[in-house]
Amino acid sequence: MEQAIEINALQKSYGDTPVLDNFDLSVPSGNIFGLIGPNGAGKSTLIGILTGLLDYDDGQIIIDGLPLTEENELKIKRRVASVLQPPLLFEHFTSNDFLHYICDIYEIPSEGRQPKINSLLNYLGLQEFEYAKINKLSAGSRKKLSFCAAILSKPNILFLDEPFESIDVISIGRMKTILNQLQNKGVTIIITSHILEIVENLCDDIAILHNQEIIAYLDSESRKELQKDASLSEIFESYIEIEKPQDDVLNWL
Amino acid sequence: MFRKLIYLNWSAFLARLTNFQAFLVIGYIIFLLILFSNLLGSALVIVLFDHNPAVISQLPWLTSEIHQLITLIFANVLWILHFSFTSTRLLNMPENRKLLAFGYPVKKLSWHLNLMGFLHPLNLIYNFTWLVFLLIQIKHLMYVPVVLAVVLLNYAIIYSIKHRFLKVIEKRFKLIVFSALFVIFGTIQAIAIISREFEYVVAQYLPGITTLNSYLFYTPGGLLQYTATGEYSLGVASAIYGFTALLIFLIFRDHFLKTREGLLQPIQERKIYKKNQLWHFLKKWLGLHAGKFYYYVLSHSYNRLQLLTIALIPAVYIPLLLQLNNNYYSALLIPTMLAAIPVALLAMGMANMYGYENKEFLLHRQFPSSFERQLKERFLGIIVVPLLIFYLITTAEILYLPQLGSVVGIYIANTFFFACFMLVFIWSSFYYYKKADYTSFSFKHPIISQKVTFMMVFLIFGLGYAVFAPIGNLQIYRLYVMGGLILAISVYLWRNMNVLVRAFDKHILHQVWDDAGQ
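All values reported here derive from a predicted model rather than from experimental measurement.

For chain B, the helix and strand inventory stands at 21 helices and zero strands. Sorting the 518 residues of chain B into buried and exposed places 28% on the buried side.

The helix and strand inventory of chain A stands at nine helices and 10 strands. For chain A, the residues scored as buried account for 44% of the 253 residues in total. Long-range contacts, defined here as pairs at least 24 residues apart, represent 71% of the contacts in chain A between residues at least 6 apart.

With that settled, consider the sheet that holds strand β5 (residues 66–67) of chain A. All names here are of chain A. A sheet is described by the order of its strands in space; here four strands give the open sequence β2-β1-β4-β5, paired in antiparallel fashion. Each of the sheet's edge strands pairs with one partner strand only, and the pair in question is β2 (17–28) and β5. Direction of pairing for strand β1 (residues 3–14) relative to β2: antiparallel, over a ladder of eight bridges. Residue pairing for β2: Gln 3 is matched across the bridge by Pro 28.

Moving on, we get to the nonpolar core. Among the nonpolar cores identified, the biggest contains 126 residues, and A:Phe98, A:Cys148, A:Ile189, A:Ile191, B:Val343, B:Leu346 and B:Ala347 are the most heavily contacted of them. Top contributing element to this core by residue count: helix α15 (residues 327–350) of chain B, with 13 residues. Those residues within four positions of A:Ile189 in sequence are excluded, and the remaining contacts are A:Ile32, A:Phe33, A:Leu158, A:Leu160, A:Leu179, A:Leu182 and A:Gln183. Ranked by size, the runner-up nonpolar core spans 27 residues in total, among them B:Ala75, B:Tyr143, B:Val146 and B:Val151.

With that settled, consider the pairing of strand β7 (residues 157–161) of chain A. Both faces of the sheet carry side chains from a regular strand, because those side chains alternate between them. All names here are of chain A. Most of β7 sits out of view: five of its five residues are buried. Here β7 shows two buried faces, one formed by Ile 157, Phe 159 and Asp 161 and the other by Leu 158 and Leu 160. Where β7 and strand β8 (residues 188–192) come together, five bridges link them in parallel fashion. Among the inter-strand pairings, Leu 158 is bridged to a residue of β8, identified as Ile 189. Traced from β7 through helix α6 (residues 169–184) to β8, the parallel crossover comes out right-handed.

Residues and elements named next belong to chain A. Ordered by their spatial adjacency, six strands build an open sheet running β6-β7-β8-β3-β9-β10, and the pairing between neighbours is mixed. Across the chains shown, the open sheet's two edge strands, defined by having one partner strand only, are β6 (80–83) and β10 (213–218). In this sheet, adjacent strand axes meet at a mean angle of 20° when their direction is disregarded. Each of β6 and β7 touches helix α5 (residues 139–152); the most contacted strand, β6, lies at about 175° to it. Helix α9 (residues 232–240) rests against β3 (32–36), β9 (205–210) and β10 of the sheet, and its axis sits at about 35° to β9.

Contacts between the two partners involve 25 residues from chain A and, on the opposite side, 24 residues from chain B. For the side of chain A that touches chain B, the secondary structure elements donating two or more residues are α1 (43–50), α2 (73–79) and α3 (95–105) of chain A. When residues of the side of chain A that touches chain B are assigned to their parent elements, the largest contribution, four residues, is made by α3(A). Each residue belonging to the side of chain A that touches chain B can be placed in one class, and the counts come to 11 nonpolar, seven polar and seven charged.

In this structure's numbering, the residues bearing the UniProt feature "domain: ABC transporter" (unreviewed entry) are residues 5–236 of chain A. The straight-line gap between the two end C-alpha atoms of residues 5–236 of chain A is 23 Å; of that span, 37% is helix and 26% is strand.

Residues and elements named next belong to chain A. Its place among the elements puts Leu 124 in the loop between α4 (113–123) and α5. For the pair formed by Leu 124 and Cys 148, sequence separation is 24 residues and the distance between their alpha carbons is 8.6 Å. Contact partners of Leu 124, with chain neighbours within four places excluded, come to Lys 144, Cys 148, Ser 171 and Arg 174.

The next subject is α3(A). In terms of residue burial, α3(A) counts as a mostly covered element, since nine of its 11 residues are buried. Of the positions making up α3(A), those classed as buried are A:Ser95, A:Asn96, A:Asp97, A:Phe98, A:Leu99, A:His100, A:Tyr101, A:Ile102 and A:Ile105. Those residues of α3(A) that are buried lie in contact with α4 and α5 of chain A together with α13 (277–299) of chain B. Directly after α3(A), the chain includes A:Glu107, whose backbone phi takes a positive value near 55°.

Turning to the confidence of the model for chain B, a few remarks are in order. All names here are of chain B. In the predicted model, chain B carries a mean pLDDT of 79, and 81% of its residues have values of at least 70. Confidence, read as mean pLDDT per element, is least for helix α9 (residues 173–196) in chain B (64) and greatest for helix α7 (residues 121–135) (90). This stretch, residues 439–445, has a pLDDT under 50; its non-local contacts, to residues over four places away or in other chains, come to 15 contacts. Confidence estimates for the predicted assembly give a pTM of 0.73 and an ipTM of 0.87.

Quick look at α6(A) now. Residues and elements named next belong to chain A. Look at α6: 23 Å from first C-alpha to last across 16 residues, which is about the 22 Å you get at 1.5 Å a residue. Taken residue by residue, α6 has Ser 171, Met 175 and Leu 179 as its buried positions. Seen from one end, α6 has its buried residues packed into an arc of 80°, which puts them on one side. Facing away from the buried surface of α6 by more than 90 degrees, the exposed residues are Val 169, Ile 170, Gly 173, Thr 177, Asn 180, Gln 181 and Asn 184. Of the surrounding elements, those touching the buried residues of α6 are β3, α5, β8 and α7 (196–202).

Think of two packed helices as two axes; the pair is described by the angle between the axes and how far apart they sit. Residues and elements named next belong to chain B. Their axes nearest at 7 Å, the elements helix α4 (residues 64–85) and helix α11 (residues 220–229) cross at an angle of 120°. Between α4 and α11, the interaxial angle falls into the category oblique. Here α4 and α11 pass one another in a crossing that is right-handed. Where α4 abuts α11, its residues Thr 71, Leu 72, Ala 75, Asn 76, Leu 78 and Trp 79 lie against Pro 220, Gly 221, Gly 222, Leu 224 and Gln 225. Partitioning the contact of α4 with α11 into residue classes produces six nonpolar, five polar and no charged.

Glancing now at the pairing of strand β4 (residues 58–63) of chain A. Residue and element names in this part refer to chain A. With five bridges joining them, β1 and β4 adopt antiparallel strand pairing. By the bridge assignment, Glu 6 is partnered in β4 with Ile 62. Here two bridges tie β4 to β5, and the two strands are oriented antiparallel to one another. For Ile 63, the partnering residue across the bridge sits in β5 and is Leu 66.

Of all residues except glycine, most have a negative phi; of all peptide bonds, most are trans. Residue and element names in this part refer to chain A. Looking along the chain, the bond that leaves Gln 85 and enters Pro 86 is cis, with omega of -5°. Inspection of the secondary structure puts Pro 86 in the loop between β6 and α3. Even without being glycine, Asp 64 reaches a positive phi, approximately 50°. Relative to the elements of secondary structure, Asp 64 occurs in the loop between β4 and β5. Positioned with a positive phi, Gln 212 is a non-glycine residue whose angle comes to about 70°. Mapping Gln 212 onto the fold places it in the loop between β9 and β10.

Rules and cut-offs
Residues numbered from 1 in each chain as written. Chains lettered and ligands numbered in written order. Predicted model: local features only at pLDDT ≥ 70, side-chain atom pairs only at ≥ 80, totals over all residues. Helix = DSSP H or I, 4+ residues; strand = E, 2+ residues; numbered from the N terminus. Buried ≥ 20, exposed ≤ 12 C-beta atoms within 10 Å, placed from the backbone. Contact = placed C-beta atoms within 7 Å. Pairing = 2+ DSSP bridges. Core = buried A, V, L, I, M, F, W, Y, C linked by C-beta atoms within 7 Å. Right-handed = clockwise from strand over helix to strand, strands pointing away. Axes fitted to C-alpha atoms, helices over the stretch in contact; angles between N-to-C directions. Nonpolar A, V, L, I, M, F, W, Y, C, P; charged D, E, K, R; others polar. UniProt positions renumbered as here; feature names shortened; annotations may be inferred. pLDDT = per-residue confidence, 0-100. Expected span 1.5 Å × (residues − 1). Arc of directions from axis to C-beta. Parallel < 35°, antiparallel > 145°, perpendicular 65-115°, else oblique. Left-handed = near helix turned anticlockwise from the far one by under 90°.

What follows is the structure in structure tokens.
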């Protein structure tokens, strides 16, 4: 199967603290891929590296068939988009000006641009904020706007870091519909989330990241087998193997 | 609890200081000490100089009316300085609001924040100067409580007016700008005329000074002065004290309520911009990246005030300096002031060019467009406007002020001046990165803090003295030295242009990443 992302022996540390150590991962093309792990496992750092925000110490990364090198950097950036946590937006622009800016950067022709923007904003319930400054928007609206910007750039690979945090139920449903449509068009989607129910329902393959490495890779076949008897949450806990504290430790409460 | 609050705010302030900023803080402390000794010294000299027989014999025109006039003018100048330069907006609401979630009672927090503002060194310096200035003039001990109360009331009123004044400026910017231009220009011209022909003016208007003094007693400084020097009985003193105490109570209560409201109801106004004219204009003429940067700079009210200052200072002082008979000082000060205009514009754009957009650089970095190109476009956009002004001013100097020196001399000196500050600001961009503060509660400059501004003023005049002071035959050697240094700085800047991205990665990126909370 063709791989959208291939990572081999990746090393990344902050000072003396290793965050990713000899890290390997492959994400199949066209997959909605879930990356889960406890806080501080290195998920955001990994997304930061894959989206070109963070440097890494050693290893090899291939994204959409191109090795991540200085030479290929711009080609790769043209093919990927992301929604980070917290989302990155141009705070003093209006939603409309921001989305036009993104279109300018990605050289999307100005003809027919506005209807596309309007349809996206309407679909995600952002139409009333089209001409409001972004720094006045709520956390959920900001996240949805960042999602719109990522979609507009027509990526081959989409990184979503906690995409459903602060978002209302209706919008979550609509975002899922968009993601399914994108998958049908061959887009690979990598999602990190702590809401395991969503990951369980939306993702094809899931990897559990813990202690700087992938400790479990659950493809759709193995998931079917495992999830006969347990939820993803229970499977997750069994893999993490965190020592369970004694029940009486919080008696003072 | 109050001590813990101060400790918390102080720790938060220190934790974010880089070495460069710590250096600026030291400069700022020195500045405060100089300011304190200057204010206090001036107050003492002005009040006491007519007691000295040697001074009286040298200044035969110094009658008691003229002395009173000088004292009243000083009191009003002190009041204007107090009004203009005190820090009343140090409450750091967004950070301190979080304490409410940790059980800090809102009433206590409101009082403590106001108290913290009062204890800022600048406020203490001005209030202490007022106390000394007034207490050395009192005629009776019963005036002491009145003076104490009035100084406190003055602080409270300045705090209230300033808060509202800034809001008014924000809303009626153009009207305020033109009024300020008119009033300041007129006042300074009047002072200049009086000081040039002092004895003539004094002789002509001497009969009117008593009347003028009686009017000046109704100005803010005059009212304060009157509480120390006016003639009133114990009954009147008690009435003034009682009324002042009541006003202090009411105004401080108002401060308390406003702070409480600010803590509990952060402003969330949402404006609708159908077409953002400024952004579209800047995008058209400066491009996507430089246009965006200028849009952020010009969106900030403080920067618009700064533009006014940049235009106002030379417009007021240069005509005055041209009338000055002393060629040495006009040859030194006029070119320094003119050379400082593009430098001030440069400072506005470059002193902390990553601070306005902050974490947005992470998004810029993800764009499929070379980050180096984006930064260079921004950098060139930032210098192109000051450079245009620089050339216009240099040309105007050569054409209209030939007395300032030769064409080559002016050109080299101005270029050197500009290049030196380019160097300072490029360092500042990398070492003085600070997240811009846009909270509606604070107008503190997001890019150039008071500390940097004062340091810059020292540097501008220091460098102006080194570059423009007439030195006769040695001028040719100075031009050679400046020419050599311009070349060295240009090479350094060009090489740094090429490593902008690396410098960004090394000094800024990790701070932006932290600020973004990724």
